[in-house]
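A structural walkthrough
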Amino acid sequence: MRVIITNNYDDMSKWAANYVAEKIIDYNPTPEKPFKLGCPTGSSPLGLYKNLIKLYEAGKISFKNVITFNMDEYVGLPEDHPESYHSFMWTNFFSHIDIKKENVHILNGNAPDLMAECENYEKAIEAAGGIDLFMGGIGPDGHIAFNEPGSSLGSKTRIKTLTTNTIQANCRFFNNDVNLVPKQALTVGVGTVMAAREVLIVCNGPQKSRALHHVIDNGINHMWTVSALQAHPHGNIVCDEEACVELKVSTYQYFKDKQRLEGIVERYLNRF
């Protein structure tokens, strides 16, 4: 697992966007050989999406031959609801780039058969040839997508009942009313994410520092589901300094020394 430590959120977002863009460009996707990109929602990847939009507007990258698979969606929330993940993705990313609508895949939380929807989502990923790069974030409790503490590290796309902590954390998006927050969601599994050829996780802010500590300093643990990234052959975490405050000093220094010797931070910050 590679850990990249940047100065702040802006640098983290720019680094991650340039890294993703280079992967897509080097892949040279075509209609017959599209690049498959896994997409998260939430506040952490907003800067990443903004920087990818800038690269598209500057003519550096095209998404015409990119197929996307989103991580999750609430159950029972209309697609046009401002807090649905359909709305989030089109508002913050898809409507600003040249991606084809038919290449966008987001779980349908209103499907008549939710279990079949989850099974068909896994089949769609398989039919596309698997995901080349799955982007993601870290929850304060170390979860990825809606794979909350205790989730199986081999899990696939499924229905999840949200914990009280998650519901309360999401209240701010629903007028601070817990009764308005959906109680279930459809989510890709930890195993779904880890089956991607490469995974890139963004992590920022002191509120994520405890999770980052458990994910990096300690062993793989289903109570901190992002820790499964330790076993991935091409797993990456890019974070800011604030997220590192609870890392062991030796861990922090190891990764800082390594990236200084490799010059990898500057390489991607100055890539475009």
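**Focus on helix H8 (residues 249-262)**
With 14 residues, H8 extends 20 Å between its outermost C-alpha atoms, agreeing within 8% with the 20 Å of an ideal straight helix rising 1.5 Å per residue. Looking at H8, one finds that the buried residues are Thr251, Phe255 and Gln259. For H8, the arc enclosing every buried residue in end-on projection is 55°, short of the 170-degree limit, so these residues lie on one face. Facing away from the buried side of H8 by over 90 degrees, the exposed positions are Val249, Ser250, Arg260 and Leu261. The secondary structure elements touched by the buried residues of H8 are strand E1 (2-6), helix H7 (209-217) and helix H9 (264-269).

**Description of the packing of helix H2 (residues 46-57) against helix H3 (residues 85-92)**
Following both chains from N to C, one finds H2 and H3 inclined at 40°, their axes separated by 10 Å at the closest point. Accordingly, the angle class assigned to the pair H2 and H3 is oblique. Across from Leu46, Tyr49 and Ile53 in H2, the residues of H3 making contact are Phe88, Met89 and Asn92. A breakdown of the residues in the contact of H2 with H3 according to their chemical character gives 5 nonpolar, 1 polar and no charged.

**Examining the sheet that holds strand E7 (residues 158-161)**
Strand order in this open sheet of 3 strands is E4-E8-E7, and the pairing throughout is antiparallel. Unpaired on one side and paired on the other, strand E4 (72-74) and E7 mark the two borders of the sheet. Ignoring strand direction, the axes of neighbouring strands in this sheet form an average angle of 25°. Contacting E7 and strand E8 (184-187), helix H4 (residues 114-127) runs over the sheet at an angle of about 125° to E7.

**Overview of the pattern of salt bridges**
Applying the stated criterion across every chain yields a total of 8 salt bridges. Note that glutamate 22 and arginine 271 form a salt bridge whose closest N and O atoms lie 2.7 Å from each other. In this pair, glutamate 22 sits in helix H1 (residues 9-27) while arginine 271 sits in the segment after H9, placing the two residues 249 residues apart along the sequence. Owing to a relative accessible area of 7%, glutamate 22 belongs among the buried residues under this scheme.

**Thoughts on the sheet that holds strand E3 (residues 66-70)**
The sheet built from 7 strands is open, its strands ordered E1-E10-E9-E6-E2-E3-E5 with parallel pairing. Two strands in the sheet have a free side with no partner beyond their single neighbour: E1 and strand E5 (104-105). Against the sheet, H7 contacts E1, strand E9 (199-203) and strand E10 (235-240), and its axis sits at roughly 145° relative to E10.

**Examining the packing of aromatic side chains**
Summed over the entire model, instances satisfying the criterion amount to 14 aromatic pairs. With a centroid separation of 5.6 Å and an interplanar angle of 85°, the aromatic rings of phenylalanine 63 and phenylalanine 93 are classed as edge-to-face. One end of the pair, phenylalanine 63, is in the loop between H2 and E3; the other, phenylalanine 93, is in the loop between H3 and E5, with 30 residues separating them in the sequence. Of the two residues, phenylalanine 63 and phenylalanine 93, both sit in the buried class. Counting every residue linked through ring pairs, the aromatic cluster contains Tyr49, Phe63, Trp90, Phe93 and Phe94. In this structure, lysine 33 is placed above the aromatic ring of tyrosine 27, and the distance from its NZ or CZ to the ring centre is 4.8 Å. The lysine or arginine in question, arginine 271, covers the ring of phenylalanine 272, its NZ or CZ lying 4.4 Å from the ring centre.

The rules behind each value
- Residues numbered from 1 in each chain as written.
- Predicted model: local features only at pLDDT ≥ 70, side-chain atom pairs only at ≥ 80, totals over all residues.
- Heavy atoms only, no water.
- Helix = DSSP H or I, 4+ residues; strand = E, 2+ residues; numbered from the N terminus.
- Expected span 1.5 Å × (residues − 1).
- Buried < 20%, exposed > 50% of the residue type's maximum accessible area, 1.4 Å probe, protein only.
- Arc of directions from axis to C-beta.
- Contact = heavy atoms within 4.5 Å.
- Axes fitted to C-alpha atoms, helices over the stretch in contact; angles between N-to-C directions.
- Parallel < 35°, antiparallel > 145°, perpendicular 65-115°, else oblique.
- Nonpolar A, V, L, I, M, F, W, Y, C, P; charged D, E, K, R; others polar.
- Pairing = 2+ DSSP bridges.
- Salt bridge = Lys/Arg side-chain N within 4 Å of Asp/Glu carboxyl O.
- Phe/Tyr/Trp six-rings, centres within 6.5 Å; stacked < 30°, edge-to-face > 60°.
- Lys NZ or Arg CZ within 6 Å of the ring centre and 35° of its normal.

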